[in-house]
Amino acid sequence: MQIGQDTDTGFWIDNTVHRAFLRHDAQRQLDVFRQMLRADGGFNLPSWDGTPLPDAPQELHTTTRMVHSFALAKCFGFANCDAIIDAGMAYLWQAHRDTQHGGYLWSVARDGSPADASKLAYGHMFVLLAASTAKEAGHPDADRLLADVTQVLDTHFWEKAHGLYADEFNRDWTPFSTYRGMNANMHGVEAHLAAFEATGEARYLDRAGRIIDFFVHQMAPANGWRLPEHYTQDWSVDPAYAGNPMFRPAGTTPGHSMELGRLTLQHWDLAGRKGDTAPKAARRLILQAITDAWHPDGGFAYTLKDGQIDRPDRYWWPVTEAIGALAALVKLDRNPQDEALYRSFWQFAQSHLIDPDHGGWFPELDDAGKPAQHQFIGKPDIYHALQADLMPLIPHLSRAAASA
């Protein structure tokens, strides 16, 4: 299907051909992941050809992202989303929720037993996101999930003195590290903005603002507009830290800068568009990441060290976040330079990442720009790419503004 009209002098987010492409790609993704619902209410992950991968423990971010993605699709008018939302909401409450100690287990084995009983802020932020989007989609169990995870975040993770969230605990809430990180807090902004849009409760918007203030308005300008990922217990930058190679790689992660830049614009929009500090900071954050990490032949390097490419691996999700960030910048100010970047990212995605045969996106590319399976097996996630399809369809920076 045609991605857009190259000769069009307008903006693709306004163009009927491009908007039809976005919905078409979203539908193909939904069709792939809809087939992953298991008989027990959990979810498999698809291989490249769409067949389920072998059994593995179900991680919290898989369950929550499926709920969020299909609830979001339902809000956009896509059909046949309820079975996934219902199953995911039940699995969160009955399998991931820890009835003994509270909170949500990171992963669950096929027999329902804990596979990894850690309590991670990263996973709990996605519970809040799933509950919020499910509420917008009208799910009857959304309020109880929203109330429960909000209480857990308040009680165990929120560090009021810093205005940020701690990262990780044992199952019984005893600490096992002093690590503090940007990734969980960045997704906390995302989840809290969704919760504000779903409930109108100012506490969610206020907390998102405190997190943004620390990372975007303090850390970014102090570090060349590249966001430090890793911190010590007192929230000092820990430049030597290297953890999980996917969730906590060493150095800085340009994809997160683009993601948080977009979320900064969303917060500014929801908070009443006061001043121009936030839009200017968001733009600098986004464009610095693009300048630093975009390969000459396309795709984003995964990590930087001291502003230079450290891990050149090309994954799908930074491209999707670049699309979302540039769509936000185009909505803010119809700038031809932003439009050129937006189009180039979509053209790269169509040429290298979107599976033309089976639907969905390939998660990584090799040095020749061909799909590869080094870090990831199959197609591990719908969330990033589906949002890349759906966010440009919103006429405003936030859905709440669109419905006001």
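Now for a description of the structure that goes with this document. Computed from a predicted structure; not experimentally measured.

To continue, consider empty space enclosed by the protein. Scanning all chains against the criterion turns up three cavities of 30 Å³ or more. What the largest cavity holds in volume is close to 320 Å³. Lining the largest cavity are 25 residues, with Arg 262, Gln 266, Met 391, Ile 394 and Arg 399 positioned closest to its centre. Counting residues per element, the ones that place at least two in the lining of the largest cavity are helix 2 (60-75), helix 4 (121-136), helix 6 (182-199), helix 8 (254-270), helix 10 (316-332) and helix 12 (383-390).

Attention shifts here to the environment of Ile 323. Structurally, Ile 323 is set in helix 10. Separated by 132 residues in sequence, Ile 323 and Ala 191 have C-alpha atoms that sit 19 Å apart. Setting aside anything within four residues of it in sequence, one finds Ile 323 in contact with Tyr 342, Phe 345, Trp 346, Trp 361 and Ala 388.

Next up on the list: the packing of helix 2 against helix 4. At their nearest, the axes of helix 2 and helix 4 sit 8 Å apart, and the two run at 25° to each other. Taken together, the axes of helix 2 and helix 4 are roughly parallel relative to one another. The chirality of how helix 2 crosses helix 4 is left-handed. Contacts between helix 2 and helix 4 involve Leu 60, His 61, Thr 64, Arg 65, Val 67, His 68, Ala 71, Leu 72 and Cys 75 from the first element and Tyr 122, Gly 123, His 124, Phe 126, Val 127, Leu 129, Ala 130, Thr 133, Ala 134 and Glu 136 from the second. Among the residues forming the contact of helix 2 with helix 4, the class breakdown is 11 nonpolar, six polar and two charged.

Okay, the layout of surface pockets next. Estimates place the volume of the largest pocket at around 760 Å³. Lining the largest pocket we find 35 residues, and of these Leu 45, Glu 59, His 61, Phe 376 and Pro 380 sit closest to its centre. Those elements that provide at least two residues to the lining of the largest pocket are strand 1 (58-59), helix 2, helix 6, helix 8, helix 10 and helix 12. Of all the elements, helix 2 adds the most residues to the lining of the largest pocket, at four residues. Taken together, the residues that form the lining of the largest pocket break down as 19 nonpolar, 10 polar and six charged. Volume-wise, the second largest pocket comes out at about 350 Å³. Lining the second largest pocket are 18 residues; nearest its centre among them are Pro 239, Gly 251, Thr 252, Lys 305 and Asp 306. Split into classes, the residues belonging to the lining of the second largest pocket amount to seven nonpolar, five polar and six charged.

Conventions we followed
- Residues numbered from 1 in each chain as written.
- Predicted model: local features only at pLDDT ≥ 70, side-chain atom pairs only at ≥ 80, totals over all residues.
- Heavy atoms only, no water.
- 1 Å grid on protein atoms, 1.4 Å probe; cavity = no way out; pocket = protein on both sides within 12 Å on 5 of 7 lines; lining within 4 Å.
- Points joined across faces, edges and corners; volume = space filled by probe spheres on them.
- Helix = DSSP H or I, 4+ residues; strand = E, 2+ residues; numbered from the N terminus.
- Contact = heavy atoms within 4.5 Å.
- Axes fitted to C-alpha atoms, helices over the stretch in contact; angles between N-to-C directions.
- Parallel < 35°, antiparallel > 145°, perpendicular 65-115°, else oblique.
- Left-handed = near helix turned anticlockwise from the far one by under 90°.
- Nonpolar A, V, L, I, M, F, W, Y, C, P; charged D, E, K, R; others polar.

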